[in-house]
Every structure is written in structure tokens, then in C-alpha cells.
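# Commentary on secondary and tertiary structure
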Amino acid sequence: MSRKDLSYERYQRQILLRDFGEKGQQQLFGASVLVVGAGGLGCPALQYLAAAGVGKIGIVDDDLVSLHNLHRQVLFTTEDIGKAKAGVAAKRLESLNPEIELATFPFRLTNQNALTIIGEFDIVLDATDNFASRYLINDACVLLHKPLVYGAISQFEGQVAVFQAAENSVNYRDLFPEPPPPGSVLNCAEAGVLGVLPGIIGTLQATEVIKLLTGIGKPLVNQLFTYNALTNESFVFDLATKKQTASLLPKTAAEYERLDYEWLCEGPVSVVEEMDTAAFNACLHEDKTLVIDVREEGEQPEITSFSHRKLPLSRLKENIPAIDANTVVLFCQSGKRSREAAALLSATFGKTKKIYSLKGGILNWKANGKEA
Amino acid sequence: MKEITVLSFGAVADILGQSNLKLSNLSSTDELMQQLEKEYPALKNIPYAIAVNKQLVTGSASLEHNAIVALLPPFSGG
């Protein structure tokens, strides 16, 4: 290994720790961790893993920094808006700790590339924000027998667990066998999240990685930890393997690569046509296009700069007969509910109407695409 | 009388309108689910894992007096 010699001064305070010592530091330095998602959970996890001296860290993220990321994604600054998260994160971590190796994967992890990428690392930290990624990471980790440190958040609550860190270990599908029905569980963009919450949960994930690598303490192997920021209540639940889980998992790499995770997790929504901001702006000048806001009553920001109809998703079905235009563009906050709405309309109108969903939602349009 | 406590999380707590619920005279998790889903039909639309006394259970589990049942929906956010 061509890594530089360990700097004792940098890690002195943790080398001092009983049970950790020089041996623990060498174990971190000799290890590699893949962090999937450099968002709310990924930023603090990356920061602490890099600071602690994990020898090689991989960063997977295909997204760009947006203004609405900054209240929780603490590796990024206002100047970084519009830049690739993976690259910016690597730059920050490099200046935090130039002694470690950083690998960036500035694209989406899919079942076509996951086995190769995950195969290069000792442990995977799931810091993603959608079910398709969570299931495809879990299934890859089961196939490759890789320990997986899971973390997920919703509004004021978080979950952390360690999967596959021991023989006959529990995996994510033992807890949640199959993806929830599309649209039944809201993500942060839809439901909101307290900025500090992923800071806590991502930091707990980094803690579990360090415990696994150095053998200190009792990591959450076969356990689920839950935390509520509003009440300070936390629980640890014991998990167990389930017989039926095996039938849900792909058995071979070939079978894994044939699965359509987007379809499994998002259903008909995965084939909805999305419209980018430039095409949307062009559409706004066409009379034949009907623009529909599918957000619920009272959601902010109120849109006044272009004409549109308001048909909240919860009442869209009964209002379908009122949709008369041949081209329809739907929007919501983040582009998730509008995809659902588009799937619903496409199922009704088939090819008789052109149905689009505004990609990234109205927040993205306001931030990046709005005409001057 | 047999009493149990139901702890709910995330979207389940939103549907039940509370995170801590006391119920009585329920002998199994299946019975509990039936009663909750009757009272809160929206619960049928979301998945959740069930733990009894902090142990995740598969299928229906029997409930003793003072059992603590946790209803844990998956979170996707990150």
C-alpha cells in the first residue's frame, strides 16, 4: 500500500482512548468505506470518517448543490451552488485530511454499476434519500456479503441499523421486506426535515462504521435504533432474520442486474416523462398547454408568475374529466408528487394527451430555471 | 384487564395523531392491527414493521399484559 505514514499528532486524542489505541487507528487507516449519497446524512458521515482517518473513502452522488440543501448538508457553502456534490465534498475532505485517499463517483448508483463499485470497499454507508437506492444497495451488499450501515430520516425522526456484519445477519429486507407502495412514504423534499436531524443520524452512522472497523463497543448488529429529536426518545429494537426474505433477494449477479428497482419502488411513476426547466419555460408561452399545481391547499411558495390551475393530488382523480388540454404539465414542490399525478393521468388518457411532470419541482424551477 | 401500550413512529404516529397509545383487551398483534385499521383506515396504505417488547415480530404475535408494541414505518429520507 502506497499510503503515507500515519500522523500520530492528528489522531492523538483518539489513540489515547482505551480499547482504541494505535491498533484502532491502524485499522481505520487500512480500511475503505463507501458513502452512497453526499446529502444530509452523507455530509456529516463523510466529515467524521475523513477526520477520524479512514484510509480510503468513496463518495457516490449524481446531484448538484442547491440552496435548499444548505440548511443540513454542512460540507457545502453558498458558493458551491450548482457544483457536483461528490467533487465539492472530496475537495473539502481533502483539505480536512490530506492523508487519506478519496474516490468520487459523480453518478447514480444503479444495479448495473453497484456490484463493481461496492466490491472495492470494506463497508457501505447508506446515506441515500429514496427507496430504489436503499433496496438496490441492500441487495448488492447481501450478494457481496458487505456490512451495510443504514440510516434514514423523516421530519424529526431517524433510524440507524447495521446489516450483514456477521454470519446469518439480518438485512434491510428482514425489516422492510418490500418497497412501500409508490407515494405512500414521503421523502424530505415532500415532508420536510429539521436540518440538524441528519447531522445526528449521519454522525451515528459514522460512529457505527468506526466501531465495526476497530471492534470497540457494541455496534447495532441485528438491531434498529430510532431517535426522535422532538422528544429525545430513543429505542433499540432487536431484529431477526425471516425465512421469506431469501425469496425476495436476487440470487446471482445476473438476476440482480435484471431487476428494475425504479419500477419496483416507484411503479408506473418510473416511466413518466419529465420536463426540464428550459422546456417548461418554453411551454409557458404556449396557450395549448395546461399547467397544473398538484400541491395541497396553502403550500408555499404561492406561484403567481404564470397562469396555472390548482388541482391538489388528493383530489386529482375526481377532477380528471375537467382536464381538457392536449398537453398537460404538472408540478409540485420537488417533482415527486407531480410524477405520481402524471402516472395517474397517463393511465387515464393513454396516448391521447401529452402528460409531463416538471423535473425537480417548483423549488428547483425557482432556484435554477426561472426566467429573468 | 389486559392493557398494552402502542408506540408509533413517523407516518404511523401522524395517522394515529399520537405516538403513545394505551389500549386494552387485545390478545394479538393481528387483533391490534384490525382495530387500528378500522379506526384509522389510512393505516392500511402504509407499510410498517411491528415489534413487541422491543423484538421485531413476524406474523401475528400474542400480547401479554403490559406489552409494548411498536409500529415502525420505513423512512426514505437522507
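Only a predicted model underlies this, so the values are computations on that prediction, with no experimental measurement involved.

Another point: the domain arrangement of chain A. Residues and elements named next belong to chain A. Segmentation of chain A into domains returns domain 1 (8-267) and domain 2 (272-369). Between domain 1 and domain 2, the C-alpha centre-to-centre distance is 33 Å. Domain 1 puts 7 residues into the contact, and the matching count from domain 2 is 7 residues. Carbon and sulfur atoms supply 43% of the area buried between domain 1 and domain 2, which totals about 670 Å² over both sides. On inspection of domain 1 and its partner domain 2, the count reaches 0 salt bridges. Put simply, domain 1 and domain 2 have 0 residue pairs in polar contact (both at pLDDT 80 or more) between them. Split into classes, the residues belonging to the side of domain 1 that touches domain 2 amount to 3 nonpolar, 2 polar and 2 charged.

Taken together, the contact pairs 21 residues of chain B with 37 residues of chain A. Carbon and sulfur atoms supply 63% of the area buried between chain B and chain A, which totals about 2300 Å² over both sides. Linking chain B to chain A there are 0 salt bridges. At the boundary of chain B and chain A, one finds 10 residue pairs in polar contact (both at pLDDT 80 or more). Secondary structure elements with two or more residues in the side of chain B that touches chain A: helix H1 (10-16), strand S3 (49-52), strand S4 (55-56) and strand S5 (67-72) of chain B.

A few words now on the side chain of Thr29 of chain B. All names here are of chain B. Relative to the helices and strands, Thr29 resides in helix H2 (residues 29-39). The exposure class of Thr29 is buried, given its relative accessible area of 0%. With residues near it in sequence (within four places) discarded, Thr29 still touches Ile50, Val52, Gly59, Ser60, Ala61 and Leu63.

All names here are of chain A. For the pair helix H2 (residues 21-29) and helix H9 (residues 196-214), the least separation of the axes is 9 Å and the interaxial angle reads 110 degrees. When the axis of H2 is compared with that of H9, the two are roughly perpendicular. Packed against H2, whose contacting residues are Gly24, Gln27 and Leu28, the element H9 presents Ile210, Leu213 and Thr214 at the interface. Of the residues in the contact of H2 with H9, the class split is 3 nonpolar, 3 polar and no charged.

Once that is clear, we can look at the packing of aromatic side chains. Summed over the entire model, instances satisfying the criterion amount to 15 aromatic pairs over all chains. Between the aromatic rings of Tyr150 of chain A and Tyr172 of chain A, the centroid separation amounts to 5.1 Å while the plane-to-plane angle is 40 degrees, which identifies the pairing as tilted. Taken together, the positions of Tyr150 of chain A in strand S5 (residues 148-154) and Tyr172 of chain A in helix H7 (residues 172-175) put the pair 22 residues apart, joining distant regions of the chain. Here Tyr150 of chain A matches Tyr172 of chain A in class, with each residue buried. With 6.0 Å between their ring centres and 85 degrees between their planes, Phe237 of chain A and Phe9 of chain B make a pair best called edge-to-face. With Phe237 of chain A in strand S8 (residues 234-238) and Phe9 of chain B in the loop between strand S1 (3-8) and H1, this pair bridges two chains.

Inspection of every chain in the model, using the stated rule, returns 0 disulfides over all chains. No disulfide involves Cys265 of chain A; its sulfur sits 15 Å from the nearest other cysteine sulfur, which is in Cys141 of chain A.

Another aspect to go through is the packing of helix H1 (residues 8-15) of chain A against H2 of chain A. Residues and elements named next belong to chain A. In contact at an axis separation of 9 Å, H1 and H2 are set at 120 degrees when each is read in the N-to-C sense. Here H1 is positioned oblique relative to H2, judged by the angle of their axes. Both H1 and H2 take part in a crossing whose hand is right-handed. Between H1 and H2, the residues in contact are Tyr8, Tyr11, Gln14 and Ile15 and Gly21, Glu22, Gln25, Gln26 and Leu28, respectively. Classifying every residue of the contact of H1 with H2 gives 4 nonpolar, 4 polar and 1 charged.

Rules used in this analysis
Residues numbered from 1 in each chain as written. Chains lettered and ligands numbered in written order. Predicted model: local features only at pLDDT ≥ 70, side-chain atom pairs only at ≥ 80, totals over all residues. Heavy atoms only, no water. Domains from an automatic or database assignment. Contact = heavy atoms within 4.5 Å. Buried area = accessible area lost by both parts, 1.4 Å probe. Salt bridge = Lys/Arg side-chain N within 4 Å of Asp/Glu carboxyl O. Polar contact = N/O pair within 3.5 Å; in protein donor to acceptor, adjacent residues only side chain to side chain. Nonpolar A, V, L, I, M, F, W, Y, C, P; charged D, E, K, R; others polar. Helix = DSSP H or I, 4+ residues; strand = E, 2+ residues; numbered from the N terminus. Buried < 20%, exposed > 50% of the residue type's maximum accessible area, 1.4 Å probe, protein only. Axes fitted to C-alpha atoms, helices over the stretch in contact; angles between N-to-C directions. Parallel < 35°, antiparallel > 145°, perpendicular 65-115°, else oblique. Phe/Tyr/Trp six-rings, centres within 6.5 Å; stacked < 30°, edge-to-face > 60°. Disulfide = S-S within 2.5 Å. Left-handed = near helix turned anticlockwise from the far one by under 90°.

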